[in-house]
Amino acid sequence: MALDDRKSDFTFVGTRPDRPDGLDKVTGRAKFGADAVAPGMLFGAIVRSPHAHARIVKIDTSKAEAMKGVKAVVTRADFATGLTGEFWNVQENVMAGDTALYDGHAVAAVAATSALDARDAAKLIEVEYEVLPHVTDVDKAMAADAPVIRDGTADGSVPEGMHPNVVRYHESGHGDVAAGFAEADLVIEDSFKTEATHQGYIEPHACLASLGADGKGELWCTTQGHWYAQKHCAALLGIETSQLRVTASEIGGGFGGKTTVFIEPVALALSRKANRPVKLVMSRSEVLRATGPTSSTSMDVKIGMKKDGTITAAEGVFRLQGGAFPGAPMEFTAMCAFAPYALENVRQVGYDVIANRPKQAAYRAPGSPMAAFAVESVIDLLCQELDLDPVEVRLKNASKKGTKASYGPRFDDIGLVECLEAARDHPHYSAPLEQGQGRGISCGFWFNHGGETSVSLALSEDGTVQVSVGTPDIGGSRASMALMASETLGIPYENIRVTIADTATLGYNDVSHGSRVTYASGLATIKAAQAAIAEMCKRAAAKWGIPEDAVKWEDGCAVPSGPNAGDFEPLAMADITADMGATGGPISGHFEATPEGAGVSFGVHIVDAQVDPETGKTSIPRYTVIQDAGKAVHPAYVEGQFQGGAAQGIGWALNEEYIYGEDGRLQNAVFLDYRIPVASDLPMIDTVIVEVPNPGHPYGVRGVGETGIVPPLAAIANAVSRAAGVRMHELPMSPPRILAALKADG
Amino acid sequence: MNYHSPASFAEASALAENADGVTRFLAGGTDVLVQLRADIVTPDTLIDIKKIDGVSDITQNDDGSWTLGVAVTGAEMTEHASLSRDWPGVVEAMDLVGSTQVQGRATLTGNLCNGSPAADSVPAMVAAGVTVTVTGADGSREVAVGDIPTGPGRTSLAKGELVSAVNIPARGDNAGDAYLRFIPRTEMDIAVVGVAVSLRLDGDTVTEARVSLGAVAPTVLLVQECADAIIGSTLDDAALDALAAAASAACNPITDKRGTVEFRTDVAGVLAKRAAKIAYARAKGETVKGDHA
Ligand SMILES: Cc1cc2nc3c(=O)[nH]c(=O)nc-3n(C[C@H](O)[C@H](O)[C@H](O)COP(=O)(O)OP(=O)(O)OC[C@H]3O[C@@H](n4cnc5c(N)ncnc54)[C@H](O)[C@@H]3O)c2cc1C
């Protein structure tokens, strides 16, 4: 087999072995962000603004500095100056400059010899504020009378005459939507809103930082991307990137929220000032107040349909509020909105709006779930009005290979039709509904991502293998890497140990985001293994005295081939590695690239909702996730990703929300009132893995981490709306909101 | 912070009487320790009452009434078969508090004295006619549960006073109670509305009733109009509608992050009906599992 052919029969890939990090995690041996200690370590605490918007008049640190046990106090003055662009945004977010921009914005920090002393010292830091008018709602932030949050933030894309809080604009599409709407038998236009939700990872941000006067530092932190952390911390502190070594801890969930830095630069600044290691651990309230939730949205969607279900045109306007900084992923919202459908006429517009809230961070398929909520709700309304089957309508309009996507390119091999057919044929779709129940479905789309990737694979003398990857394992990826390496090398899964290497060990690796790890680090692992195989074949050829290309690799052995076939006994890996020191030195394989063939991903969800008409309370008795995985390397972890997306989507749809008071303060910064679903809220979530191989990966893999959260908001809204007999336009569909809608409906 | 573990209520009372600053009693600690860690209340004096003799006892007295020690946990109540048979509503209300872990520590007394308007066991205790024994410098007195909370986070206990026992009346025949709360999820949440009903039947007719509402006013409510709506009825639809209307009318809630005035008012009526039906069935001798509404 030529090394570049796509494989289709597998020995190890597609099996379900135990995860290599499993024992550590169930016995408590795994080291997470808060588990690191160092000699002489100090504890940090951060002072945060109680105001949504306030000018910082004065910070008096003298009382805190005088307190026994306090070793350092830092403010913005202790960070680098002159940053621009995203470096400046991140710096401004981790430590306020002149102005506190949201409730919870960091304004100062202290390090002391105990955590309690640090907490008490933080209370002694006196900050004088001049409170400014604030705005937290996306529509209100765009209105003419809204307070201006950061004038001059808008870039050149924003049309003339918009409020300065509108900072970026996007427009795309093709065809003639007006002509398309004219062809329709029915056009429905409707408006929708979603509230911000938090990724809700169980592990709060935590780090241990050490930075000396020589500009050399060490950082241990829970992160989805330690090279990102290295680059940003170095910039914010004004040191050289390579002088800061960053090690990623085990990570207790990230979901996109740990793709940036919050406390890490602060801990480094404290450490540099105190000349001691500093540990910083966020409380849950700090996580909710000051780390990235999603954007909140306000959306208008208009779709035209013929009586037979053909969509003639679609148009959407998507307004995203992403906190006091540019970057709300409105272009993703716009580009994903209509991607599941082959449309002749489509237009989408996005607005990035700033408001007095924490800087949004990525959350699984950033921006796409909200778009699906609006678009798929309108499609459901059209199906109801035209009395059409929701799956058949979606099949009729589904994007396929060759379709010109709503956002521009033509699709290669994709699995949406296969997912819809699997939905149509699934027993769930035809199961009878009970009184008070409704069924909803929705499609979902996400781009997936490649990104800078560097992997190194080293052979040990006993024929076992160490794989070093640079992408923190947020979903069982060490198991998947080991499976792909064992498949390529032809040796057992157990003979491979995969390690997440620190920044000093490999070249730059992009963050574990964009569903990229199994795809990109997997591809790099396969290529690195192939490089090691080539070297092993070379050693065997030398030993046998035959040309290198007369040796092939089969089932973990070098085997003579061609005219030499059968001339020599095959050499197993361990035979080659046993004396590699004498045959040319250690054998390893590397691969570095920015792979471009991530392969887009589609999914379809079916959900039943039961609504109590007297209280507005919703339960979810049945849920099925169907999604294209390209090739499921470890099917159990693929299923886990599907189920996790659905579970988080149920929370987002039903009860999770950022609640701001009139004063602009977050009202529910604890898990008691920030209502993530508990285990008993969820049904057993059924899964179907569809496999339409991705042409861009040697084994056909597509990322699966994000698409699973795209359909739930819409699918649940459709189910709830059908169950309640009234269309829900706003998330979350909390009981008070549903009861109010029922009452308004009579 | 000073920590004490006295051997008697008299000693505990004296410690509290003489303490400066903020004093807290430590029963299960599921409010006290959480508030401490979250930097909400840092007591100057912490008086652990769990070392006092008898505080973990559940005793049925000769007249059929019950005396519960102030450190009896939710889990111990749920596992007590005859207490659960007598007062399923009180037991299920306490059982709703927190998780398995919290159940191993949390107490009725702590739930009451923490002073939360949304405390789950309090409406059930009020409907059941539970009293607490309060011990202070001048000895002990018996106080109705409904008279302990005076507002969010406040109680009628004077400095130096503490609860030394929980007294649950004899259940008697043909009677049942029930507690339902509304939460948006199924577990680990705080009541948006709570309703407890305790009633007695003569044949099919309700002869005695007490209906109590939680989380719809600054303190727990005992609503006579609700009782009047069902006393003398067979809990027919008309009586249930009158009960719901009376419950909604009694509400004096606020709009907050957990629910609107309108929602709380509506749902109080809905839960009153549902709880009354369960209490009625129990009074008839049926075993009805309460659900989390
Ligand atoms: C995860 C979690 C979930 C929870 N869920 C619920 C819930 O669903 N419903 C609910 O109602 N509550 C809930 N709570 C709150 C708490 O568990 C209950 O209020 C519990 O009953 C408190 O009992 P305790 O014994 O732990 O009280 P403690 O924390 O020991 O004390 C609470 C208060 O009572 C006072 N006190 C204690 N003993 C005495 C005494 N003998 N005399 C006078 N004052 C006294 C203390 O000074 C303190 O102010 C939850 C708490 C947690 C942590």
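Remember, predicted model here, so these are calculated numbers, not experimental data.

K.L.:
I'd like a description of the interface of chain A and chain B, backed by residues and values.
P.N.:
Often, the extent of an interface is quoted as the loss of accessible area upon association of its parts. Listed by partner, the interface residues are 24 residues for chain A and 26 residues for chain B. Overall, the association of chain A and chain B removes approximately 2100 Å² of surface from exposure, summing both partners, and the carbon and sulfur fraction of that is 48%. Close ionic contact of K123 of chain A with D39 of chain B constitutes a salt bridge, the shortest N to O distance being 3.0 Å. Taken together, chain A and chain B are joined by 16 residue pairs in polar contact (both at pLDDT 80 or more). Breaking the side of chain A that touches chain B down by element, the ones donating at least two residues are α4 (115–124) and α20 (735–745) of chain A. Looking at the side of chain A that touches chain B residue by residue, the class counts come to 10 nonpolar, 5 polar and 9 charged.

K.L.:
Give me the environment of A398 of chain A: which residues, what numbers.
P.N.:
Residue and element names in this part refer to chain A. For A398, the position within the fold is in the loop between α12 (390–397) and α13 (416–425). A relative accessible area of 1% means that A398 is categorised as buried. Separated by 56 residues in sequence, A398 and A342 have C-alpha atoms that sit 5.8 Å apart. Ignoring any residue separated from it by four or fewer positions in sequence, one finds A398 in contact with P340, Y341, A342, L416, V417 and L420.

K.L.:
Which residues make up the nonpolar core, and what values do they have?
P.N.:
Counting 95 residues, the largest nonpolar core has I303, I716 and M733 of chain A as the members making the most contacts within it. I303 of chain A has contacts with F181, L186, V187, I188, I311, A313, A314, F338, V375, V378, I379 and L382 of chain A, leaving out every residue within four places of it along the chain.

K.L.:
Give a description of the pairing of strand β5 (residues 106–112) of chain A that names residues and reports values.
P.N.:
Residue and element names in this part refer to chain A. Counted residue by residue, β5 has 7 buried out of 7 residues, so it is predominantly covered. Pairing between strand β1 (residues 42–48) and β5: 6 bridges, direction antiparallel. Opposite R48, over in β5, you have A106 as the bridge partner. Where strand β3 (residues 70–74) lies against β5, 4 bridges are found, and the strand directions are antiparallel. From the neighbouring strand, V70 faces β5, where its bridge partner is A112.

K.L.:
Tell me what's going on with the sheet that holds strand β17 (residues 453–459) of chain A, and back it up with residues and numbers.
P.N.:
Residue and element names in this part refer to chain A. Taking strand neighbours across the sheet as the criterion, the 4 strands line up as β19-β18-β17-β23 in an open arrangement whose pairing is mixed. Sheet topology places β19 (496–500) and β23 (588–593) at the edges, where each strand pairs with a single neighbour. Neighbouring strand axes in the sheet, compared pairwise and without regard to direction, differ in orientation by 15° on average. The pairing of β17 with β23 spans 6 bridges and is antiparallel. In the sheet register, L457 faces β23, and the bridge partner there is G589. Here helix α15 (residues 477–489) sits on the sheet and contacts β18 (465–469) and β19; the angle it forms with β19, its principal contact strand, is near 135°.

K.L.:
Explain the site of the ligand residue by residue, including any values.
P.N.:
All names here are of chain B. Lining the immediate surroundings of the ligand are 31 residues, of which G28, T30, D31, T107 and D120 lie closest. A distance of 2.7 Å separates a nitrogen atom of the ligand from a polar side-chain atom of D120. Out of a free accessible area of 990 Å², the ligand has 89% covered by protein chains. Counting only elements with at least two residues in the shell around the ligand, the list comes to β2 (23–26), α2 (32–37), α7 (108–113) and β10 (162–168). Among the elements that make up the shell around the ligand, the one with the highest residue count is α7 (4 residues). Looking at the shell around the ligand, its residues break down into 16 nonpolar, 9 polar and 6 charged.

What counts as what
- Numbering of residues starts from 1 in each chain and follows the order in which that chain's sequence is written.
- Throughout, the order in which chains and ligands are written sets their labels, letters from A for the former and numbers from 1 for the latter.
- Local features in a predicted model are, by the rule used here, given only for residues with pLDDT of at least 70; side-chain atom pairs are given and counted only at 80 or more, and totals for whole chains, interfaces and linings are based on all residues.
- Excluding hydrogens and water, the side-chain values take into account all heavy atoms of the structure.
- We call two residues in contact when some of their heavy atoms are within 4.5 Å.
- Throughout, buried area stands for the accessible area (probe radius 1.4 Å) lost by two parts on being put together, summed over both.
- Salt bridge, as used here: a side-chain nitrogen of Lys or Arg that lies within 4 Å of a carboxyl oxygen of Asp or Glu.
- Pairing of N or O atoms within 3.5 Å defines a polar contact, subject to two protein rules: one partner must be a possible hydrogen donor and the other a possible acceptor, and residues neighboring in sequence count only if both atoms are side-chain atoms.
- Each helix corresponds to a stretch of at least 4 residues labelled H or I by DSSP, and each strand to a stretch of at least 2 residues labelled E; elements are numbered beginning at the N terminus.
- Gly is put with the polar residues, along with every residue not named as nonpolar or charged; the nonpolar set is Ala, Val, Leu, Ile, Met, Phe, Trp, Tyr, Cys and Pro, and the charged set is Asp, Glu, Lys and Arg.
- Exposed residues in this analysis have more than 50% of their type's maximum accessible area, buried residues have under 20%, and partly exposed residues fall in between, with area computed by a 1.4 Å probe over protein chains only.
- Take the buried Ala, Val, Leu, Ile, Met, Phe, Trp, Tyr and Cys residues and link them wherever side-chain atoms come within 4.5 Å; each set so joined is a nonpolar core.
- Two strands make a pair as long as DSSP finds a minimum of two bridges between them.
- Axis geometry follows a simple rule: fit a line to the C-alpha atoms, using only the stretch in contact for helices, then measure angles between N-to-C directions, giving values from 0 to 180 degrees.
- Nearness of a residue to a molecule or strand requires only that one of the residue's heavy atoms be within 4 Å of it.
- Surface exposure here means Shrake-Rupley accessible area, sampled with a 1.4 Å probe, where a residue is shielded only by the protein chains that are shown.

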